[in-house]
Amino acid sequence: MLIYYAPGGGLGHLSRALKVLGFIKAQQALVITSPLPLAVDALLPKGIQHISLPPGLQSRAELSAWLKQLLASLNKQQACRLMLIDAFPGGIWGELGGIPLPGKLVYIARLLNWNVYRQRVAHIPRFQQIWFCEWPTPEQEQALSNQTGQRFWLPLLGEDKS
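Residues numbered from 1 in each chain as written. Predicted model: local features only at pLDDT ≥ 70, side-chain atom pairs only at ≥ 80, totals over all residues. Heavy atoms only, no water.

So, the side chain of His 13
Working step 1: Among the secondary structure elements, His 13 is positioned in helix H1 (residues 12-23).
Working step 2: Separated by 2.7 Å, the side chains of His 13 and Asp 86 make a polar contact.
Working step 3: Among residues more than four places away in sequence, those in contact with His 13 are Ala 6, Pro 7, Gly 8, Asp 86, Ala 87 and Phe 88. (Helix = DSSP H or I, 4+ residues; strand = E, 2+ residues; numbered from the N terminus. Polar contact = N/O pair within 3.5 Å; in protein donor to acceptor, adjacent residues only side chain to side chain. Contact = heavy atoms within 4.5 Å.)

Digging into a nonpolar patch on the surface
Working step 1: Taken together, Leu 11, Leu 38 and Leu 43 make up a surface patch of nonpolar side chains, about 290 Å² in accessible area.
Working step 2: Assignment of secondary structure puts Leu 11 in the loop between strand E1 (2-6) and H1.
Working step 3: Judged by its relative accessible area of 36%, Leu 11 is partly exposed. (Patch = residues over 30% accessible without salt bridge, like charges linked within 9 Å, V, L, I, M, F, W, Y side chains within 5 Å. Areas by Shrake-Rupley, 256 points an atom, 1.4 Å probe, with all protein chains shown as cover. Salt bridge = Lys/Arg side-chain N within 4 Å of Asp/Glu carboxyl O. Buried < 20%, exposed > 50% of the residue type's maximum accessible area, 1.4 Å probe, protein only.)

Remarks on the pattern of salt bridges
Working step 1: As enumerated under the stated definition, the model contains 3 salt bridges in all.
Working step 2: The partner of Arg 110 in a salt bridge is Glu 134, with the nearest N and O atoms 3.1 Å apart. One end of the pair, Arg 110, is in the loop between strand E5 (104-109) and helix H3 (114-120); the other, Glu 134, is in the loop between strand E6 (129-132) and helix H4 (138-145), and 24 residues separate them in sequence.
Working step 3: With a closest N to O distance of 2.7 Å, Glu 141 and Arg 151 form a salt bridge.

Remarks on the nonpolar core
Working step 1: Membership of the largest hydrophobic core comes to 35 residues, with the highest contact counts inside it found for Ile 3, Tyr 5, Ile 32, Leu 67, Met 83 and Leu 101.
Working step 2: Among the elements of the structure, E1, strand E2 (29-33), helix H2 (60-77), strand E4 (82-86), E5, H3 and E6 are those that each provide at least two residues to this core.
Working step 3: Residue contributions to this core peak at 6 residues, all from H2.
Working step 4: Excluding residues within four positions of it along the chain, Leu 67 makes contact with Tyr 5, Ile 32, Glu 95, Leu 96 and Ile 99. (Core = buried A, V, L, I, M, F, W, Y, C linked by side-chain atoms within 4.5 Å.)

Structure follows, in structure tokens:
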């Protein structure tokens, strides 16, 4: 099983998830997003499922507990071999720091206001790989260089600058 964790507002996270999943030719995946403004299941490619975070989650602890329970349940059904984490390496509220994460971890990196984000997040998991969609700031690049051994440019949005 492949899990793509993409919380955040609007449809951008889901759109990027579908681009990434198409790029890696994923046949089956579960995409987890924040609640979306419209029903999307009928629009998803075959083999791609979607669930939203429950509306009304009010804290990092609530989100961590919900996600921990979901991941444990999914892992009982079918082992997770790969978990892609979109945009926020520690989760949107830092919820990924205190729970066991299944499978190989890959961070789909976007440009973040790193200094602001890092103040809200106590722990960032170690990733086996980072796939960059956008060029990071020097602060973000330095912090991420300590989180993985392998980093790649993911050509979803344009050419590699190197």
